[in-house]
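Take a look at the letters that make up each chain.
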Amino acid sequence: MKGTKAVLLALTAAFVFKLFFFDFMIAQGHSMEPTIKNGTVLVISRLRYGLRLPWQQGYLIRWTAPKEGEVVVFYTPLGELAVKRCVAPSESGFFTAEGDNELSSYDSRAYGPVPADNIIGKVLGY
């Protein structure tokens, strides 16, 4: 019984950790090459810009905005998850995102500025 409780506690802790603190994802596509290659495992900080509940749109509390040059994970205006570089943060709560491979990137050059509330987190490692 102790082993079952320990496993359940570990799974619960891992789930909470993934939802609120850090996440992992695998890069798909070529839009961030040569910086991030297709298939690279990415580490994402979910708390970099503020506190966001996974089931809500937007942040409960925001403490900073993405800075120029940071690689962020966000939802595009079409609702697709994307990994792009922030090239122009805006005071009005929007940012412009572009892939490093401009020939193979569907980004703000096509869909315009993105609401900062669409950001899931900052890519820490790749």
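Our subject is the structure listed above.
Remember, predicted model here, so these are calculated numbers, not experimental data. Each residue is numbered by its place in its chain's sequence as written, counting from 1. Reporting of local features is limited, given that this is a predicted model, to residues whose pLDDT is at least 70; pairs of side-chain atoms are given and counted only at 80 or more, and all residues count toward the totals for whole chains, interfaces and linings. Each side-chain value is derived from all of the structure's non-hydrogen atoms; neither hydrogens nor water enter the calculation.

**Thoughts on the pairing of strand β6 (residues 81–89)**
A pair of strands is considered paired only if DSSP assigns at least 2 bridges between the two. Only DSSP runs of H or I with at least four residues qualify as helices, and only runs of E with at least two residues qualify as strands; both kinds are numbered from the N terminus onward. Here strand β5 (residues 71–75) runs beside β6; their pairing, made up of five bridges, is antiparallel. Within β6, the position partnered with Phe74 by the bridge is Ala82. Relative to strand β7 (residues 94–98), β6 is paired through four bridges, and the arrangement is antiparallel. Residue Ala88 lies in a different strand from β7, and its bridge partner there is Thr96. The antiparallel pairing of β6 with β7 creates a hairpin that spans four residues between the two strands, and Gly93 there sits at a positive phi of about 90 degrees.

**Structural notes on the packing of aromatic side chains**
Centres within 6.5 Å are what make two rings of Phe, Tyr or Trp a pair, Trp counting through its six-membered ring; a difference in plane orientation under 30 degrees is then read as stacked, over 60 as edge-to-face, and the rest as tilted. Considering all chains together, one arrives at two aromatic pairs under this definition. Relative to Phe95, the ring of Phe74 lies with its centre 5.3 Å away and its plane at 90 degrees, an arrangement referred to as edge-to-face. Placement of the pair is Phe74 in strand β5 and Phe95 in strand β7, with a sequence separation of 21 residues.

**Things to note about the sheet that holds β6**
If you trace the seven strands from one edge of the open sheet to the other, you get β1-β2-β9-β5-β6-β7-β8, paired in antiparallel fashion. Strands with a single pairing partner mark the edges of an open sheet, and in this sheet they are β1 (22–26) and β8 (114–115). The pairing of β1 with strand β2 (residues 41–45) spans five bridges and is antiparallel. Within β2, the residue paired with Met25 across the bridge is Leu42.

**What about the layout of surface pockets?**
Buriedness of a pocket was judged along seven lines, with at least five required to meet protein on both sides within 12 Å; pockets are open sets of points on a 1 Å grid over the protein atoms alone, cavities are sets where a 1.4 Å probe fits but cannot get out, and lining residues have an atom within 4 Å of a point. Grid points are joined across faces, edges and corners, and a volume is the space filled by probe spheres set on the points. Approximately 320 Å³ is the volume attributed to the largest pocket. As for the largest pocket, its lining consists of 17 residues, of which Gln28, Ser31, Leu81, Ala82 and Val83 are closest to the centre. Among the secondary structure elements, those contributing two or more residues to the lining of the largest pocket are β1 and β6. Under the grouping applied here, Gly and all other residues not named as nonpolar or charged are polar, the nonpolar ones being Ala, Val, Leu, Ile, Met, Phe, Trp, Tyr, Cys and Pro and the charged ones Asp, Glu, Lys and Arg. When the residues that make up the lining of the largest pocket are grouped by side-chain class, the tally is nine nonpolar, six polar and two charged. If you list the elements that add at least two residues to the lining of the second largest pocket, you get β1 and β5. It is β1 that contributes the most residues to the lining of the second largest pocket, three residues altogether.

**Observations concerning the side chain of Arg52**
Examined against the element boundaries, Arg52 turns out to sit in the loop between β3 (50–51) and β4 (61–62). No salt bridge forms around the buried Arg52; measuring N to O, its nearest opposite-charge neighbour Asp117 is 5.9 Å away. For the purposes of these results, a polar contact is taken to be a pair of N or O atoms within 3.5 Å, where, inside protein, one atom must be able to donate a hydrogen and its partner to accept one; residues adjacent in sequence count only when each atom of the pair is a side-chain atom. A distance of 2.3 Å separates a polar side-chain atom of Arg52 from the backbone oxygen of Asp117. Within the local environment of Arg52, its side chain forms a polar contact with the backbone oxygen of Ile119, the two atoms lying 3.2 Å apart. If near-sequence neighbours (up to four positions away) are discounted, Arg52 is found in contact with Phe20, Gln57, Gly58, Tyr59, Tyr75, Asp117, Asn118, Ile119 and Ile120. Accessible area is worked out with a 1.4 Å probe on protein chains only. A residue is then buried under 20% of its type maximum, exposed over 50%, and partly exposed in between. In this tally Asp and Glu are treated as negative and Lys and Arg as positive; neither His nor the chain ends contributes. What counts as a salt bridge is simple: a side-chain nitrogen of Lys or Arg found within 4 Å of a carboxyl oxygen of Asp or Glu. Two residues form a contact once any of their heavy atoms are found within 4.5 Å.

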